[in-house]
2 protein chains.
Amino acid sequence: MTKSTTPTDTTAPRRRRADADRSVAAILDAALEALASDPDSSMSEIARRAGVVRATIYVHFPTRTALLDAVMEYAVTQVADAMRSAEPQRGEPVEALERVLRATWWQLAQIHGLLALNTARLSAEELHRRHLPMLDQLEPLIERGQKQGSFRSDVPVVWHLAVIRAIVHAASHEIQGGRLAEAQAEPAMISTALAAIGATA
Amino acid sequence: MTKSTTPTDTTAPRRRRADADRSVAAILDAALEALASDPDSSMSEIARRAGVVRATIYVHFPTRTALLDAVMEYAVTQVADAMRSAEPQRGEPVEALERVLRATWWQLAQIHGLLALNTARLSAEELHRRHLPMLDQLEPLIERGQKQGSFRSDVPVVWHLAVIRAIVHAASHEIQGGRLAEAQAEPAMISTALAAIGATA
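From a predicted model like this one, the values you see are computed outputs, not experimental measurements. (Residues numbered from 1 in each chain as written. Chains lettered and ligands numbered in written order. Predicted model: local features only at pLDDT ≥ 70, side-chain atom pairs only at ≥ 80, totals over all residues. Heavy atoms only, no water.)

Peer 1: Is there a simple way to explain the overall build of chain A in this structure?
Peer 2: Along its length, chain A carries eight helices and zero strands. Along chain A, helices (α) and strands (β) appear in the sequence α-α-α-α-α-α-α-α when read from the amino end. Seen along its three principal axes, the alpha-carbon backbone of chain A occupies a region of about 75 × 40 × 35 Å. Among the 201 residues that make up chain A, the fraction classed as buried is 42%. Taking the intrachain contacts of chain A between residues at least 6 apart in sequence as the baseline, contacts between residues at least 24 apart amount to 66%. Looking at chain A as shown, the accessible area adds up to about 10100 Å², and 55% of this sits on carbon and sulfur atoms. In chain A, 22 side chains carry a positive charge and 24 a negative one; their mean positions are 7 Å apart. (Helix = DSSP H or I, 4+ residues; strand = E, 2+ residues; numbered from the N terminus. Buried < 20%, exposed > 50% of the residue type's maximum accessible area, 1.4 Å probe, protein only. Contact = heavy atoms within 4.5 Å. Areas by Shrake-Rupley, 256 points an atom, 1.4 Å probe, with all protein chains shown as cover. Lys, Arg positive; Asp, Glu negative; His and termini not counted. Charge placed at Lys NZ, Arg CZ, Asp CG, Glu CD.)

As C-alpha cells, then:
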C-alpha cells in the first residue's frame, strides 16, 4: 500500500508546485499591470485581476512590501530580457538606441511608476542595484555612441540616461492623461529622446 | 478712559494681523522647502524650519491637506511671477525660452515634487487649473516658436511642455541624487531642453 501511493506522493507536490508557480506569475503580471495604472491598487484588486482569492496572494507575499519588491524584480527582469533581445551592442549607436527604445519603452515607463512607489522606502544604493540589469545594457550603448560621435559627449552618460528615462515617462504620462494619442506618442518620444541626447545619424 | 484706549484697540489687531501674515509666509516658505526635499516632512519639521510652534501651523492650516493646498498655490504664484518677470513674450522664441527656464527651472522642479504629492488627491482638471498661471505664459511662447519655425511643429504644444517639465525635473533629481553637480546641471538642462523641442536659433 505504501508502494502504490508512492507515485501520487511525488506527483502531487510537483503538481502543487507547478500550480503555485502559475499563481505567482499570474499575481506578478496582475500586480504590475494594476500598480502601473494605479499605484494605490488594493490587494483585492490585484487578486481579482490575477483570478485568485486574496489569501493566495498572502501565501506567496505576506506583506504589500514583499509584493512590491517581487513585482519590481520581475519587471526589471522582463525589461532587461527585452533589451537583450533588441541587441543594444549591434550596429550604429543611434539605430541601436532607437531599436532598444521601441522594444522596451512601454515597459520602462511602467517600471518608472513602480519605482516611484519604492523610492521613499529604498536607499539610493539599493535603487541603483535594482536598475543594474537595465543600466548594464544602456550605459555601454551610450558610451559607445559618445565615443563614435553619435551622441553629445560634453555631458555625462548619467545625464543622457536620466533624460531618456524622463522622456519615456513623459510619453506614457501624456498617453495616460489623454493628452497624446498612443500612435502619436511613440514617434514623438523616440525623435525627442534622440534629439535630446544630440543624436546625429 | 475709553478714549485713551482707542488707539491701542485699532493698532493691536492690525499688529496681530501683520504678525499672522508674517507667520503664514514663514510657514509656507518653510513647508515648500521641507516638502520639496522630503515629501514626508512632518508638521513638526515644518514648524521647526518656520521658527514657530506646531500649534501655530494648525491655527492657519487645520489639516495637512489644507497646508499642501496652500503651499502649492503659493509656489505656483511665485513661479508665475518669476516667469512674468522673465518676459516670455519678448524677443526671439529660443532666447525667450532660455531666459524663462534660467529664471524659473529650480522653482519649477520644486513644484513638480509638490505636484506628485497632490496627484492622487486632485482630479486631472483640478491639476490643470492649478497649472494655468504657468501654462498661460509658456503655451503662447511655444506656439510662437512653432509658428516662426524656431521649435519643431510636427508635435503638439502639450508634448513640448511635457518634455520641458520632464527634463527640468530630471536635472533637479540628478542634483539631489548627487549624480550631477549643480554647476553642470543648469547648462546641461537648458541645452537638452532646447534640443529636445527642436530649437533652432
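Peer 1: Help me understand the interface of chain B and chain A in this model?
Peer 2: Accessible area lost when the parts come together is the quantity often used to give the size of an interface. Listed by partner, the interface residues are 24 residues for chain B and 24 residues for chain A. At the surface where chain B touches chain A, the tally comes to two salt bridges. Note that R165(B) and E174(A) form a salt bridge whose closest N and O atoms lie 3.6 Å from each other. Among the secondary structure elements, those contributing two or more residues to the side of chain B that touches chain A are α7 (157-176) and α8 (182-196) of chain B. At ten residues, α7(B) tops the list of elements feeding residues into the side of chain B that touches chain A. (Salt bridge = Lys/Arg side-chain N within 4 Å of Asp/Glu carboxyl O.)

Peer 1: Even after reading the chapter, I still don't get the relation of the copies chain B and chain A, so can you show me in this structure?
Peer 2: Copy one and copy two of the chain differ by a rotation about an axis and a translation along that axis. For the pair chain B and chain A, the relating rotation is 180°, the translation along its axis is 0.1 Å, and the fit reaches an RMSD of 0.1 Å. Accordingly, the operation relating the two chain copies is best matched by a two-fold axis. When each C-alpha of chain B is compared by its distance to the rotation axis, A196(B) comes out closest, at 2.1 Å. Of the interface residues in chain B, 100% have counterparts in chain A that sit at the interface too, so the contact is made through matching surfaces. (Least-squares fit on C-alpha atoms with pLDDT ≥ 70 in both.)

Peer 1: I tried to follow unusual backbone geometry on my own but got confused; where do I start?
Peer 2: A negative phi angle characterises most non-glycine residues, just as the trans form characterises most peptide bonds. Residue and element names in this part refer to chain A. In this structure, E87 is a non-glycine residue whose phi angle is positive, near 50°. When you line up the elements, E87 lands in the loop between α4 (64-85) and α5 (93-119). According to the relative accessible area criterion, E87 is partly exposed, its value standing at 31%.

Peer 1: Explanation requested: the pattern of salt bridges in the structure shown.
Peer 2: Opposite charge on two side chains makes pairing possible when the charged atoms of those side chains draw close. Residue and element names in this part refer to chain A. Summed over the entire model, instances satisfying the criterion amount to 28 salt bridges over all chains. Salt-bridge contacts for R152 lead to D154; the nearest nitrogen and oxygen are separated by 2.7 Å. A relative accessible area of 57% places D154 in the exposed class.

Peer 1: Explain helix α2 (residues 43-50) of chain A here, please?
Peer 2: The α-helix advances 3.6 residues per turn, and as a result positions three or four apart in sequence lie on the same side. Residue and element names in this part refer to chain A. Along α2, the residues classified as buried are M43, I46, A47 and A50. Seen along its axis, α2 keeps its buried residues to an arc of 100°; they face one direction. Looking at the residues trailing α2, positive phi occurs at G51, about 70°. (Arc of directions from axis to C-beta.)

Peer 1: Would you mind showing me how to read the nonpolar core here?
Peer 2: Taken as a class, soluble globular proteins show a tendency for nonpolar side chains to be buried jointly. Residues L67(A), W159(A), L67(B) and W159(B) are the most contacted members of the largest nonpolar core, which totals 129 residues. L67(A) has contacts with I27(A), L28(A), A31(A), M43(A), I46(A), I57(A) and F61(A), leaving out every residue within four places of it along the chain. (Core = buried A, V, L, I, M, F, W, Y, C linked by side-chain atoms within 4.5 Å.)

Peer 1: Can you walk me through the packing of α7(B) against α8(B) in this structure?
Peer 2: When two helices pack together, their arrangement is captured by the angle between the axes and the distance separating the axes. Residues and elements named next belong to chain B. The interhelical angle for the contact between α7 and α8, taken along N-to-C directions, is 160°, at an axis separation of 10 Å. Considered as vectors, α7 and α8 are oriented roughly antiparallel to each other. Here α7 runs over α8; the crossing is right-handed. Here V163, I167, V168, A171 and I175 of α7 come into contact with α8, specifically with E182, A185, M189, T192, A193 and A196. (Axes fitted to C-alpha atoms, helices over the stretch in contact; angles between N-to-C directions. Parallel < 35°, antiparallel > 145°, perpendicular 65-115°, else oblique. Left-handed = near helix turned anticlockwise from the far one by under 90°.)

Peer 1: I tried to follow the environment of L161(B) on my own but got confused; where do I start?
Peer 2: All names here are of chain B. With respect to the helices and strands, L161 occurs in helix α7. It is 7.8 Å that separates the C-alpha atoms of L161 and L138, two residues lying 23 residues apart in sequence. Setting aside anything within four residues of it in sequence, one finds L161 in contact with L135, L138, E139 and I142.

Peer 1: Looking at this structure, how should I read the packing of aromatic side chains?
Peer 2: For any two aromatic rings, the description comes down to two numbers: the centre-to-centre distance and the angle of the planes. Residue and element names in this part refer to chain A. Enumeration over the complete set of coordinates arrives at two aromatic pairs over all chains. When the ring of W105 is compared with that of W106, the centres are 5.3 Å apart and the planes differ by 80°; the resulting orientation is edge-to-face. For W106, a relative accessible area of 37% gives the class partly exposed. (Phe/Tyr/Trp six-rings, centres within 6.5 Å; stacked < 30°, edge-to-face > 60°.)

Peer 1: Can you help me understand the environment of M134(A) in this one?
Peer 2: Residues and elements named next belong to chain A. Along the polypeptide, M134 turns up in helix α6 (residues 124-147). Taking C-alpha positions, M134 is 7.2 Å from V79, a pair spaced 55 residues apart along the chain. Here M134 is in contact with V76, V79, M83, L108 and I111, once residues within four sequence places are set aside.

Peer 1: Even after reading the chapter, I still don't get the confidence of the model for chain A, so can you show me in this structure?
Peer 2: Low pLDDT marks regions whose predicted coordinates should not be analysed in detail. Residues and elements named next belong to chain A. Put simply, chain A has an average pLDDT of 88, and 93% of its residues get 70 or more. Within chain A, helix α8 (residues 182-196) carries the highest mean pLDDT (96), whereas helix α1 (residues 2-37) carries the lowest (74). Low pLDDT, under 50, characterises residues 1-7; the predicted model gives this stretch zero contacts beyond four residues in sequence or across chains. Reported for the predicted complex are a pTM of 0.84 and an ipTM of 0.83. (pLDDT = per-residue confidence, 0-100.)

Peer 1: What's the story with the packing of α6(A) against helix α7 (residues 157-176) of chain A in this structure? I'm lost.
Peer 2: Residues and elements named next belong to chain A. Two elements in contact, α6 and α7, have axes whose closest approach is 10 Å; the angle formed by their N-to-C orientations is 115°. Remark: the crossing between α6 and α7 carries right-handed chirality. Along the contact surface, α6 presents L135, L138, E139, I142, E143 and Q146, while α7 presents V157, H160, L161 and I164. Its residues assigned to classes, the contact of α6 with α7 comprises six nonpolar, two polar and two charged. (Nonpolar A, V, L, I, M, F, W, Y, C, P; charged D, E, K, R; others polar.)

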